[in-house]
Amino acid sequence: MTYAATDACINCKYQDFIDCGVCELECPVNAIKPDIIPDAKKWIALNLRLAEKWPNINEQGAPLPDAHHWAEKPEKLALLCEAPAA
């Protein structure tokens, strides 16, 4: 099954579970969705486009420093910047 990160991941990037299906269940902000949800095509297309520009996160790591501040904020897609943060 294909999974995609949604806008809930913006400014959070919890990286406890990388490259496995566990991420969907364990993501504390419910940002990872399977390809069977109604709007999956939108998220998969966004992930594909940004994967060409942004570095691939393939190792466990810490969330962004202010992830706790952003974790519960809804509708973060408008905050998305096409370039990765330095």
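Our subject in this report is the structure included herewith.

About the criteria used
Residues numbered from 1 in each chain as written. Predicted model: local features only at pLDDT ≥ 70, side-chain atom pairs only at ≥ 80, totals over all residues. Heavy atoms only, no water. Helix = DSSP H or I, 4+ residues; strand = E, 2+ residues; numbered from the N terminus. Expected span 1.5 Å × (residues − 1). Contact = heavy atoms within 4.5 Å. 1 Å grid on protein atoms, 1.4 Å probe; cavity = no way out; pocket = protein on both sides within 12 Å on 5 of 7 lines; lining within 4 Å. Points joined across faces, edges and corners; volume = space filled by probe spheres on them. Nonpolar A, V, L, I, M, F, W, Y, C, P; charged D, E, K, R; others polar. Core = buried A, V, L, I, M, F, W, Y, C linked by side-chain atoms within 4.5 Å. Buried < 20%, exposed > 50% of the residue type's maximum accessible area, 1.4 Å probe, protein only. Lys, Arg positive; Asp, Glu negative; His and termini not counted. Salt bridge = Lys/Arg side-chain N within 4 Å of Asp/Glu carboxyl O.

**Some words on helix α2 (residues 40-51)**
No. 1: Between its first and last C-alpha atoms α2 spans 16 Å; for 12 residues at 1.5 Å apiece the expected length is 16 Å, and the two agree.
No. 2: Among the structural elements, β1 (3-5) and β2 (32-34) are those in contact with the buried residues of α2.

**Side note on the layout of surface pockets**
No. 1: Considering only enclosed or pocket space, the largest pocket measures out at about 1400 Å³ in volume.
No. 2: Elements with a contribution of two residues or more to the lining of the largest pocket: β1, α1 (22-26) and α2.
No. 3: With six residues, the top contributor of residues to the lining of the largest pocket is α2.
No. 4: Each residue belonging to the lining of the largest pocket can be placed in one class, and the counts come to 31 nonpolar, seven polar and five charged.

**A closer look at the nonpolar core**
No. 1: If you look at the biggest cluster of nonpolar residues, it comprises 11 residues: Ala-8, Cys-9, Cys-12, Cys-23, Cys-27, Val-29, Ala-31, Ile-32, Ala-67, Trp-70 and Ala-71.
No. 2: Setting aside anything within four residues of it in sequence, one finds Cys-12 in contact with Val-29, Pro-63, Leu-64, Ala-67, Trp-70, Ala-71 and Lys-76.

**A few points about the side chain of Thr-6**
No. 1: Considering the arrangement of structural elements, one finds Thr-6 in the loop between β1 and α1.
No. 2: Residue classification places Thr-6 among the buried positions, given a relative accessible area of 9%.
No. 3: When near neighbours in sequence (up to four residues on either side) are disregarded, Thr-6 contacts Asn-30, Ala-31, Lys-33 and Trp-43.

**Comments concerning the side chain of Lys-76**
No. 1: You can see Lys-76 is positioned in the segment after α3 (67-70).
No. 2: Put simply, Lys-76 is tucked away with no salt bridge, and the nearest opposite charge, on Asp-7, sits 7.5 Å away.
No. 3: Residues within four places of Lys-76 in sequence aside, it is in contact with Asp-7, Ala-8, Cys-9, Ile-10, Cys-12 and Trp-70.

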